[in-house]
Amino acid sequence: MFIVFVMFFGVQIIQSRASLRSTDAQVVKQENKLKTVKSTNKDLKHEVKLLNNDDYLQKVIRQKYYYSKAGETIYNLPSQSGSLDKVNGK
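All figures in this text were calculated on a predicted structure; none of them were measured in a lab.

**What to know about the overall build of the protein**
At step 1: In terms of regular secondary structure, the protein is built from 3 helices and 0 strands.
At step 2: Taken from N to C terminus, the helices and strands of the protein fall in the order α-α-α.
At step 3: When each of the 90 residues of the protein is scored for burial, the buried share is 6%.
At step 4: Accessible surface for the protein amounts to roughly 8400 Å². Of this, 60% is attributable to carbon and sulfur atoms.

What follows is the structure, given as structure tokens:
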């Protein structure tokens, strides 16, 4: 009878350890995902803050959509391709 109890509780301990390892792996995975989402959220908040700035917004509209004022001519040079990313801090 004693051997049956020891075997039963031994199996229970092994199963609970396996479950604990699985849960720990899921926790690590979700913590990494949380870090990524927080970083993305921080970047998006910064971008929203920049887009609320009228000067920056005009610059983005001019560069991205080739918007110009009356009588103004826009020249798109290859060296300017990354200038918007530099303003964003990317």
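**Quick look at helix α2 (residues 54-65)**
At step 1: For α2, spanning 12 residues, the distance from its first C-alpha to its last is 16 Å, which sits close to the expected 16 Å at 1.5 Å a residue.
At step 2: With a side-chain oxygen positioned 3.1 Å from the backbone nitrogen of Asp 55, the residue opening α2 is Asn 53.
At step 3: Phi turns positive, to about 55 degrees, at Tyr 66, one or two residues after α2.

**Observations regarding a nonpolar patch on the surface**
At step 1: On the surface, Leu 51, Leu 57, Ile 61, Tyr 65 and Tyr 67 cluster together into a nonpolar patch covering about 470 Å² of accessible area.
At step 2: Following the sequence through the fold, Tyr 67 ends up in the loop between α2 and α3 (83-88).

**Focus on the confidence of the model for the protein**
At step 1: Looking at the protein, pLDDT values average 85 and 86% of them are 70 or higher.
At step 2: Mean pLDDT across the elements of the protein bottoms out in α3 (51) and peaks in helix α1 (residues 2-51) (95).

The rules we used
- Residues numbered from 1 in each chain as written.
- Predicted model: local features only at pLDDT ≥ 70, side-chain atom pairs only at ≥ 80, totals over all residues.
- Heavy atoms only, no water.
- Helix = DSSP H or I, 4+ residues; strand = E, 2+ residues; numbered from the N terminus.
- Buried < 20%, exposed > 50% of the residue type's maximum accessible area, 1.4 Å probe, protein only.
- Areas by Shrake-Rupley, 256 points an atom, 1.4 Å probe, with all protein chains shown as cover.
- Expected span 1.5 Å × (residues − 1).
- Polar contact = N/O pair within 3.5 Å; in protein donor to acceptor, adjacent residues only side chain to side chain.
- Patch = residues over 30% accessible without salt bridge, like charges linked within 9 Å, V, L, I, M, F, W, Y side chains within 5 Å.
- Salt bridge = Lys/Arg side-chain N within 4 Å of Asp/Glu carboxyl O.
- pLDDT = per-residue confidence, 0-100.

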